[in-house]
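Now for the letters of each chain:
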Amino acid sequence: MPGTLELASPETDALRQQLSALFEPMMQSLHSKAGAQFSVDILREKPVQDFIDTHAQVLDAAFSQTAMSDRMRQRLQQSDYIFSGIKTFHELNEAFPSLVDESGNRKPFEQFLNDVRKIDETYNKNYLRAEYNFVQSSAEMAGKWEQIEQDGDRYNLQYRTAGDSKVRPEHAALNGVTLPPSDPFWQTYYPPNGWNCRCTVVQVRKTKYPTTPRDEAMQRGAQATGKDTKGIFQFNAGMEQKTFPDYNPYTIKRCRDCDIAKGKLNLAFVPENELCEACRLLRSVNRDKNKAEYNRLLNASDYKDVGFHEESGGVKATHVGHKFDGKKGWYETDVQDAGFRSGHSVVFGEEPQDIYKHKSCEGLWDGLPFEIAGAETATSNNIRNALKHCASKPDTKIAVIYFPNDNFDIGEFNIGLSKFNGLRGTPQYKLFDLIYCIHGDKIIQIKKPSI
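Quick caveat: nothing in here was measured; it's all calculated off a predicted structure. (Residues numbered from 1 in each chain as written. Predicted model: local features only at pLDDT ≥ 70, side-chain atom pairs only at ≥ 80, totals over all residues. Heavy atoms only, no water.)

Our next topic: the overall build of the protein. When its secondary structure is counted, the protein shows 12 helices and 11 strands. Relative to the globule expectation of 22 Å for 451 residues, the C-alpha radius of gyration of the protein, 25 Å, shows essentially globular dimensions. In terms of overall dimensions, the protein has C-alpha extents of about 80 × 60 × 45 Å along its principal axes. Looking at the protein as a whole, 49% of its 451 residues qualify as buried. In the protein, the share of contacts with a sequence separation of at least 24, taken over all contacts with a separation of at least 6, comes to 70%. Approximately 20,700 Å² of the protein is accessible, and the part contributed by carbon and sulfur atoms is 48%. When the 57 positive and 61 negative side-chain charges of the protein are each reduced to one mean point, those points stand 5 Å apart. (Helix = DSSP H or I, 4+ residues; strand = E, 2+ residues; numbered from the N terminus. Rg over C-alpha atoms; globule rule 2.2 N^0.38 Å. Buried < 20%, exposed > 50% of the residue type's maximum accessible area, 1.4 Å probe, protein only. Contact = heavy atoms within 4.5 Å. Areas by Shrake-Rupley, 256 points an atom, 1.4 Å probe, with all protein chains shown as cover. Lys, Arg positive; Asp, Glu negative; His and termini not counted. Charge placed at Lys NZ, Arg CZ, Asp CG, Glu CD.)

Here it is, written out as structure tokens:
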């Protein structure tokens with residue numbers, strides 16, 4: 001990963017300079033530690049957390065202008081934080097042996113700092129350039145995946161390289177592969193497929209390009225990623241909602257299957273090594289940071305029934321002025337609980353008007369105004385009517401459809417969505433940022449739902 005960071009803006013430049021300035025206090029924190037063994041607990045200390053947060057902000061800046069849903073952006077930023085934390089763990093671990101001289105005596109801080117400057121140069125200039133570019137590509141492709149999902153298999157996807165002399169031969173092998181978005185091929189070979197990869201995908205009409213035989217596509221994919229012998233880059237950033245895969249240059253292969261990486265922090269857990277211990281610690285710290293919103297609501301006098309989900313980080317609260325419908329209010333709480341368990345922030349707002357006639361939304365879902373409608377039978381007409389109800393609230397950004405009988409049907413939903421989109425141009429239509437379909441304990445997210 002050669003080179004230096006190609007700065008995208010003055011803001012990124014300022015962050016990079018701030019990161020360099022924070023390296024010294026982080027090393028000061030390490031130098032002040034007593035003991036002969038490195039401890040991952042140093043990751044909790046403020047100078048280290050400041051460094052991790054700033055490193056993550058540098059990576060976040062790579063997609064600050066990229067179009068995507070707020071939920072996707074939040075997930076990618078969380079991925080950047082974990083990646084930055086694990087990378088920082090490696091920097092500290094690598095610097096630790098330099099604390100003592102050949103005689104085993106602790107070095108003066110200035111000597112120690114001078115000896116570890118190369119670590120800063122290597123990790124936070126040379127490596128950071130490629131990481132920044134990879135995040136930029138991953139985020140762009142994650143945002144594109146959201147757009148692709150809105151159409152399902154209506155179009156095929158075609159893999160395309162940048163088409164110039166800089167295209168590496170192994171990636172050229174994938175150029176022109178054409179398959180439906182639902183094909184498992186895209187789980188593994190969706191770009192970017194390596195450091196500084198500039199490949200992309202485009203939607204194409206099914207009648208214009210022939211579909212690539214799947215066996216041929218997989219063979220070409222294996223050829224394209226042949227140098228990635230560990231399979232580090234074989235992931236889909238949009239599907240996984242991560243800028244980096246769980247298995248990356250700073251982690252180990254088993255990270256791909258670890259439940260901790262899936263957010264299940266309450267599992268019985270005995271760290272196998274320092275890396276596992278550091279990962280668990282960082283995810284706990286990140287969860288604790290999410291509690292800031294929880295504490296804010298808990299201390300607000302106009303909210304009640306505040307809860308925080310330890311495993312997922314979800315937050316729920318109900319405004320004291322919210323009027324639960326005696327007949328149908330039960331599905332409001334079911335929706336809130338489902339979102340809460342899935343790590344979403346679900347806050348019901350005040351309803352000062354008649355519950356059947358008010359024009360305010362139910363509340364905030366991940367910070368965006370949402371409205372709920374029920375569909376006791378999953379017919380296309382009921383789904384259309386549920387979307388019409390959500391559209392009747394002017395501020396609605398997220399439509400939540402609840403299927404109390406656990407009878408969600410994707411075919412009926414797509415027909416109902418088409419009927420709703422047929423109302424485009426009328427007062428009954430609204431382009432939502434997101435649609436959530438909830439049945440049982442499952443949440444199905446429809447991203448950028450316009451057809």
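Take the pattern of salt bridges next. Taken as a whole and assessed by the stated rule, the structure comprises 12 salt bridges. Here Lys 125 makes a salt bridge to Glu 121, at a shortest N to O gap of 3.3 Å. On the criterion of helical spacing, the pair formed by Lys 125 and Glu 121 is a turn pair, its members being 4 residues apart in helix α4 (residues 109–151). (Salt bridge = Lys/Arg side-chain N within 4 Å of Asp/Glu carboxyl O.)

Further remarks concern helix α9 (residues 274–298). Structurally, the α-helix is built with 3.6 residues per turn, so residues lying three or four positions apart point the same way. Between its first and last C-alpha, α9 extends 35 Å over 25 residues, near the 36 Å set by a 1.5 Å rise per residue. Where α9 bends most, the angle comes to about 30°, and this point is Ala 292. Two or three places before Leu 275, at the start of α9, stands the capping residue Asn 273, its side-chain oxygen 3.1 Å from that residue's backbone nitrogen. (Expected span 1.5 Å × (residues − 1). Bend = angle between axes of the 7 residues up to and from the residue. Polar contact = N/O pair within 3.5 Å; in protein donor to acceptor, adjacent residues only side chain to side chain.)

Moving on to unusual backbone geometry. Pro 191 connects to Pro 192 through a cis peptide bond whose omega is 5°. Summarising the element assignment, Pro 192 is placed in the loop between α6 (185–189) and β3 (200–204). Positive phi outside glycine occurs at Asn 196, with the angle close to 60°. Along the chain, Asn 196 turns up in the loop between α6 and β3. What makes Asn 196 partly exposed here is its relative accessible area of 30%. Even without being a glycine, Asp 366 presents a positive backbone phi close to 50°. Tracing the sequence through the fold places Asp 366 in the loop between β7 (363–365) and β8 (368–374).

Here the protein shows a mean pLDDT of 86. Residues at 70 or above account for 90%. pLDDT under 50 marks residues 1–5. Its contacts with residues more than four places away, or in other chains, come to 18 contacts. (pLDDT = per-residue confidence, 0-100.)

Our focus in this paragraph is the packing of aromatic side chains. With the rule as written, the count across this model stands at 23 aromatic pairs. Ring plane angle 80° and centroid distance 5.2 Å describe the contact between Phe 403 and Phe 408, whose orientation is recorded as edge-to-face. In this structure Phe 403 comes out as buried when scored by relative accessible area, which is 0%. Of the residues examined, Phe 408 reaches a relative accessible area of 15% and is grouped as buried. Within the aromatic cluster, the residues linked to one another by ring pairs are Phe 83, Tyr 123, Tyr 127, Phe 134, Trp 195, Phe 233, Phe 235, Phe 244 and Tyr 250. In this structure, Lys 316 packs its charged tip against the face of Phe 340, placed 4.9 Å from the ring centre. (Phe/Tyr/Trp six-rings, centres within 6.5 Å; stacked < 30°, edge-to-face > 60°. Lys NZ or Arg CZ within 6 Å of the ring centre and 35° of its normal.)

With antiparallel pairing, the 3 strands of this open sheet are ordered in space as β2-β1-β3. Each having just a single partner strand, β2 (178–179) and β3 make up the two edges of the open sheet. Summarising the sheet, strand β1 (residues 156–160) and β2 pair through 2 bridges and their orientation is antiparallel. Within the sheet, the bridge partner assigned to Leu 157 lies in β2 and is Leu 179. (Pairing = 2+ DSSP bridges.)

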